[in-house]
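The residues making up each chain are set out below.
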Amino acid sequence: MKRLIGWVVGVALLIAVPPLMLALGQPFYVDLVRRIMILAIAAVSLNLILGYGGMVSFGHAAYIGIGAYAVGVLGFYGVFSGWLHFLVAIAASAVVALAIGAVSIRTSGVYFIMITLAFTQMLYYLGISVAEFGGDDGMRLKRRSAFPLLDLNDPVQFYYLVLALMLVAVYLTYRIVNSRFGMVLRATRSNEARSRAIGFSPYPYRLVAFVIAGAMCGLAGALYGNHTNYITPGLMSWQQSGDIMFMVILGGMASTAGPVLGAFVLLLLEDLLSGWTEHWQMILGPLLVLSVIFFRRGLAGIFYKPDA
Amino acid sequence: MTALVFEQTLNGLQLGVMLFLMAAGLTLVLGIMNIVNLAHGSLYMVGAYLTVAAFRWTGSYLLGVALGLAGTLVVGMIVEIVVLRALYARDHLDQVLATFGLILFFNELVAIIWGRAALFASGPSWLAGHIELFTGSRYPLYRAAIIVVGLVVAVLLWYVVTRTRLGMLIRAGASNRTMVAALGVNIRLLYTLVFGFAAALAGLAGLMAGPIYNVQPGMGELILIQVFVVIVIGGIGSVRGALVGAIIVGIVDTLGRAFLKPLLGTLISPPAAESAGPALASMLIYLLMAAVLAFRPQGLFPARGG
Amino acid sequence: MLEVRGLTKTFGALRASDGIDLDVREGETHAIIGPNGAGKTTFISQLAGDLRPDAGRIVFAGEDVTRLRAPRRARKGLARSFQITSIYPEFSALTNVALAVQAHAGHSFRCWRDARRDAALLDPARRVLENVGLGGRAGTLAASLSHGEQRQLEVAMALATGPRLLLLDEPMAGMGVEESQRMIAFLSTLKRRHTIVLVEHDMDAVFRLADRISVLVYGRLIATGEPAAIRANPEVRVAYLGED
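What to know about the overall build of chain B
Within chain B, the regular secondary structure consists of 11 helices and two strands. Taking 306 residues into account, the globule formula puts the C-alpha radius of gyration at 19 Å, and chain B, at 20 Å, falls close to it. Taken across its 306 residues, chain B has 49% of its residues classed as buried.

Written out as C-alpha cells, the structure reads:
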C-alpha cells in the first residue's frame with residue numbers, strides 16, 4: 001500500500017512538470033526530466049537482468065546505441081514512420097542481445113563482465129568505422145520519428161509519450177519478475193546450486209531475460225535518439241553502461257522503483273555538479289566509490305523493505 | 001610485400017608485448033585477489049603522464065622513467081590501501097562500480113593538472129633511429145626496444161613465477177586463495193605487493209606507449225578493453241595465458257587493420273571494402289574472443305582449478 | 001531404481017571414488033556411512049549430477065543418466081538435499097517450496113501471471129510444509145528460520161519436486177537431540193512412499209531408518225548389507241575403530 005501511494009505521488013509530480021516548468025519559464029527542465037525518464041527505462045531494463053537476475057552486464061548501453069541508430073539509419077534512407085522506427089529498434093536490439101547473450105551467458109562471474117564489455121566495445125568500434133553514418137562524429141537525425149497522432153517535435157507531447165512508456169516499462173518488469181519466469185530468474189540469482197538441484201537449468205531463463213532487457217533498452221535508445229536529435233557511437237560507450245549500472249545500484253537492485261529513483265538521483269546530481277564545475281567527474285567519481293562502499297541497499301532500501 | 005607483412009607483424013608483436021604487460025598484472029590481481037579492477041587503465045595513464053612530466057623536469061629520459069615507475073607504484077599502493085581493501089569482501093559488481101568511480105576520478109585529475117589536450121611525449125634521443133631488418137626495410141628503434149623490454153619482462157616474470165618462493169605463492173594463490181591464507185602467509189602483504197607490481201607493469205606499458213600513442217585523459221580505457229579480451233582468451237590467473245593471448249591479440253589486431261581492407265578489396269568491390277574493411281578489422285579481436293569462448297569458456301590456460 | 005557401476009573419480013593423486021558398485025532397490029531406504037574423508041560427498045555429488053565421474057555408469061530407473069547434469073536428473077525425479085543448508089534465504093519458506101513445486105509443474109516461461117498467488121503452486125507447497133512440520137512457518141523468511149527448521153526446509157524442497165528417489169545428504173547435520181528425533185520420526189514416515197539414499201553420521205538414525213547399509217571407506221565400498229550384518233562385519237568394525 002505504501003508503495004502504491006509512493007508511485008501515485010511520483011507519477012503525479014511527473015505529470016505536473018511540463019505545465020509547471022513552462023509556467024515558470026524554465027522549459028529546460030522539461031527536457032531534462034524527459035532525458036532522465038528515457039534513461040530510467042534503460043535502467044529498468046538493466047535491473048531485470050542485473051538486479052533480479054544477478055547478471056553483471058557491463059555492456060547494456062549497446063542497446064541504447066542500437067535503438068538510436070535504428071532511428072537514425074532508417075531516417076537516413078527516408079523512412080520516418082515512428083512505428084517502424086520503434087519496431088526495428090526493439091527487434092534489432094533483441095537479435096543482438098540474443099547473439100551476445102548466447103555466447104556470454106555460458107560464462108559467469110568476472111568473465112561475463114569482461115565479455116559483455118568487450119562486445120559492446122566491438123559495437124562501438126563498428127559504429128565509429130561506418131563512415132556513411134557519421135563515423136566518430138555521429139549523424140544528425142533528418143527528422144524525428146513520425147507518429148499519426150503525436151508530434152515529437154512538440155517537447156510536451158514527447159515528454160508525455162516518454163512518461164507513458166516509462167510507466168509501461170516499469171509495469172511490464174513488475175509483472176515479469178513476479179511471474180513464474182521471474183521467480184526462476186530470481187531463484188537462480190539467489191542460489192544457483194539449489195535451483196539446479198530442483199530442476200532448473202539457468203541458461204535458457206537468463207538468455208530470455210537478457211533478450212527482453214536488450215529489447216526494452218532498444219526502445220529507450222530509439223527515444224534517446226529522438227531526444228538528442230543527434231546520434232553518435234558515444235551512446236554505446238562503456239561509460240554510458242557504467243552510468244546505467246550506477247543508476248540501478250544507487251536506486252536499489254531488485255526493486256521496482258529503484259532504477260527510476262536511481263536515474264533521477266544520479267542525473268540530477270550530474271546536472272547540479274556540472275553547473276558548479278567543469279570537473280564534476282572528479283567529485284562524482286569518489287562519490288560513487290563511497291556510495292558503493294557504504295550504501296548497501298540503495299535508496300529504495302531506505303523507503304521499503306525488500307520483497308519476500 | 002613480405003617486408004610490409006613482416007613490419008606489421010613486428011608492430012603486432014609490439015602491441016602484444018604492451019598488452020602483455022597490462023594483462024599479466026591484471027590477470028594476477030584477478031586470479032589471486034579475485035578483484036575486478038577497472039582502474040588498471042588509469043595506472044597505465046598515470047605511468048605515461050608521470051614519466052612525461054619527470055622527463056621534462058629532469059631532462060633525462062632514464063631518470064624520467066625511474067621516477068615515473070616509482071610514482072606509479074606509489075599511486076598503485078595508495079589505491080590498494082585506500083580503496084581496494086574495502087572491496088575484497090565485496091562481490092564483483094561492487095568492485096566494478098567502485099573502480100569505475102576511480103576511473104572518473106583519475107581522468108579528471110589528470111585533466112585538471114595537465115589539461116585535456118594530448119601531451120607530446122618523446123622517447124629518448126638515443127632510441128630515435130632505425131634498425132635494418134633482414135628484409136631490407138627499416139624499423140623504428142624505439143618500437144624494437146619496446147619489444148625487447150617486453151620480452152625481457154616476460155622472461156623475468158616467468159623466472160619469478162616458476163622458480164622463486166614468491167612465485168610459488170602467487171601460483172598457489174591464483175588457483176586456491178583460501179588455501180594460501182590457511183598456510184599462514186601474510187595475505188595483506190602479498191596482496192599489496194602483487195598489486196603494486198601489477199601497477200608498475202601497467203605504468204611501464206604506459207610510459208613506453210607515450211611516444212607512440214596519445215597521452216591524454218581516457219587513454220587507459222581504450223587499451224583496457226583489449227586487455228580484457230587478452231585475459232578472457234588466455235584464462236584468468238595465468239601469466240602464460242596472458243602472454244599467448246596478448247601476442248595473438250596484438251598480431252591479429254594489427255595485421256587485420258593493415259591488411260583486411262586490401263584483402264577484402266580483392267574479393268568484393270573496392271568501395272564496399274572501403275567501409276567493410278575497417279569495420280571488420282575493428283571487430284576482429286572480439287570475434288576471435290567469441291570463437292575461443294565457444295570452445296573453451298575458461299580460456300586457453302586457466303589457472304583456476306574450478 | 002538406482003544402479004551404480006564402477007564409479008570412479010580422482011582429484012590429482014586422490015581417488016575420491018574408487019570403482020564403486022551400488023544398487024538401490026525401489027522403495028528401500030539405503031544408508032551410506034563411512035568415516036570422514038571417505039568420499040561420501042563426492043559420491044553424492046556424482047549421483048546428483050554436480051560432478052562428472054571419470055569412469056563408471058549411473059542408471060536411474062532404467063535410464064543411463066551418467067552424462068546428464070543435475071537439472072535434468074532432477075527433472076527425471078532425482079531430488080537432493082544438501083549437507084550445508086542451501087535454500088533461498090530472501091524468500092519465505094512457502095516461496096522456497098513453491099519454487100520446488102514449480103520446477104516440476106512446468107510452465108516456467110509464463111511471464112505475466114503472478115506466481116506468488118498461484119494456487120497451483122501454493123497449495124501443494126503448503127501441504128508439503130505441513131507434512132514436514134513447518135506449516136506454521138510458511139510465511140517466515142527462510143533466513144529467519146532456526147537451523148533445524150532450515151534443515152526441514154531442505155528436505156521439504158526435495159520432497160516438493162515429487163521425486164522418485166530422494167538423495168539426503170546428512171539431513172540431521174547440526175541438529176540438536178530433540179530436533180534430530182523429530183526428523184528421524186518424519187523420515188520414517190517417508191520410508192514407505194519413497195526410495196531414499198541417506199548419507200548420515202548419526203548412527204542412531206541410520207540403524208532406525210535403513211533397510212540396507214553401504215559402507216564407504218577411502219572411496220571404496222567395502223560392505224553392503226542389512227543393518228545387523230553390517231554391525232557384525234569385522235572389516236566395518238576395523239574401519240570404524242575409534243568412531244561412533
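Regarding the overall build of chain C
Tallying secondary structure elements over chain C gives nine helices and 10 strands in all. Computed over C-alpha atoms, the radius of gyration of chain C comes to 18 Å, within 12% of the 18 Å expected from 2.2 N^0.38 for 244 residues, which places it in the range of a compact globule. Here chain C, with 244 residues, has 45% of them falling under the buried criterion. In chain C, of all internal contacts separated by at least 6 residues, the share reaching a separation of at least 24 is 66%.

A word on the sheet that holds strand E2 (residues 14–24) of chain C
All names here are of chain C. Pairing is antiparallel across the open sheet formed by four strands, whose spatial order is E2-E1-E4-E5. The sheet terminates laterally at E2 and strand E5 (63–64), the two strands that pair on one side only. Relative to E2, helix H1 (residues 40–48) is tilted by about 60 degrees, and along the sheet it contacts strand E1 (2–11), E2 and strand E4 (55–60).

Observations concerning the confidence of the model for chain B
Here chain B averages 85 in pLDDT, while 97% of its residues score no lower than 70. Considering each helix and strand of chain B separately, the mean pLDDT is smallest for helix H7 (residues 177–182) of chain B, with a value of 70, and largest for helix H2 (residues 40–58) of chain B, with 91.

Quick look at helix H4 (residues 119–132) of chain C
Residue and element names in this part refer to chain C. For H4, which comprises 14 residues, the first-to-last C-alpha distance of 20 Å matches the rise-based estimate of 20 Å (1.5 Å per residue) to within 8%. Along H4, the residues that are buried comprise Leu-121, Ala-125, Val-128, Leu-129 and Val-132. Seen end-on, H4 carries its buried residues on one side only, within an arc spanning 100 degrees. Seen from the buried face of H4, the exposed residues on the opposite side, beyond 90 degrees, are Ala-119 and Asp-123. Buried residues belonging to H4 abut helix H3 (93–105), helix H5 (147–160) and helix H6 (177–190). Looking one or two residues beyond H4, the residue adopting positive phi is Gly-133, at roughly 105 degrees.

Overview of the arrangement of the chains
For the two pairs of chains in contact, the largest share of contacts goes to chains A and B. No part of chain B reaches chain C; the closest C-alpha pair between them is 10 Å apart.

Considerations on the domain arrangement of chain C
All names here are of chain C. Each assigned domain of chain C is listed here: domain 1 (1–77 + 164–244) and domain 2 (87–162). Between the C-alpha centres of domain 1 and domain 2 the distance comes to 26 Å. Between domain 1 and domain 2, the residue contacts involve 12 residues of the former and 10 residues of the latter. Elements that contribute at least two residues to the side of domain 1 that touches domain 2 include exactly strand E7 (165–169) and H6. Tallying contributions element by element places H6 first for the side of domain 1 that touches domain 2, with four residues. Each residue belonging to the side of domain 1 that touches domain 2 can be placed in one class, and the counts come to eight nonpolar, two polar and two charged.

Quick notes on the packing of H4(C) against H5(C)
Residue and element names in this part refer to chain C. Running from N to C, H4 and H5 point in directions that differ by 135 degrees, and their axes come no closer than 9 Å. The angle between H4 and H5 places the two elements in the oblique class. For the pair H4 and H5, the sense of crossing is right-handed. Contact residues: H4 offers Pro-124, Ala-125, Val-128, Leu-129 and Val-132, while H5 offers Gln-152, Val-155, Ala-156, Leu-159 and Ala-160. Tallied by class, residues from the contact of H4 with H5 come to nine nonpolar, one polar and no charged.

Quick look at the pairing of E7(C)
Residues and elements named next belong to chain C. Counting buried positions along E7 yields five of five residues, so the element is predominantly enclosed. Where burial is concerned, the two faces of E7 agree: the one with Leu-165, Leu-167 and Asp-169 and the one with Leu-166 and Leu-168 are both buried. In the sheet, strand E6 (residues 78–81) pairs with E7 via four bridges, with the strands oriented parallel. Directly across from Ser-81, in E7, lies its bridge partner Leu-168. Remark: the E7/H6/strand E8 (residues 195–199) crossover connection has right-handed handedness.

Considering the interface of chain B and chain A
Contacts between the two partners involve 37 residues from chain B, matched on the other side by 36 residues from chain A. Listed by contribution, the elements that provide at least two residues to the side of chain B that touches chain A are helix H4 (92–114), helix H9 (219–234) and helix H11 (270–295) of chain B. Here the side of chain B that touches chain A gets 16 residues from one element, more than from any other, and that element is H4(B). Looking at the side of chain B that touches chain A, its residues break down into 30 nonpolar, five polar and two charged.

Topic: the interface of chain A and chain C
Taken together, the contacts link 21 residues of chain A with 30 residues of chain C. Within the residue set of the side of chain A that touches chain C, elements represented by two or more residues are helix H6 (155–178), helix H7 (180–190) and helix H8 (192–198) of chain A. Looking at the side of chain A that touches chain C, the element that brings in the most residues is H7(A), giving six residues. Grouping the constituent residues of the side of chain A that touches chain C by class yields 11 nonpolar, six polar and four charged.

Looking at the sheet that holds E8(C)
All names here are of chain C. Across the sheet, six strands lie side by side as E6-E7-E8-E3-E9-E10; this open sheet has mixed pairing. The outermost strands of the open sheet, each flanked by one partner alone, are E6 and strand E10 (220–225). Going across the sheet, the axis of each strand differs from the next one's by a mean of 15 degrees, ignoring polarity. In this structure, strand E9 (residues 212–217) lies alongside E10, joined through five bridges in antiparallel fashion.

Calculation criteria
Residues numbered from 1 in each chain as written. Chains lettered and ligands numbered in written order. Predicted model: local features only at pLDDT ≥ 70, side-chain atom pairs only at ≥ 80, totals over all residues. Helix = DSSP H or I, 4+ residues; strand = E, 2+ residues; numbered from the N terminus. Rg over C-alpha atoms; globule rule 2.2 N^0.38 Å. Buried ≥ 20, exposed ≤ 12 C-beta atoms within 10 Å, placed from the backbone. Contact = placed C-beta atoms within 7 Å. Pairing = 2+ DSSP bridges. Axes fitted to C-alpha atoms, helices over the stretch in contact; angles between N-to-C directions. pLDDT = per-residue confidence, 0-100. Expected span 1.5 Å × (residues − 1). Arc of directions from axis to C-beta. Domains from an automatic or database assignment. Nonpolar A, V, L, I, M, F, W, Y, C, P; charged D, E, K, R; others polar. Parallel < 35°, antiparallel > 145°, perpendicular 65-115°, else oblique. Left-handed = near helix turned anticlockwise from the far one by under 90°. Right-handed = clockwise from strand over helix to strand, strands pointing away.

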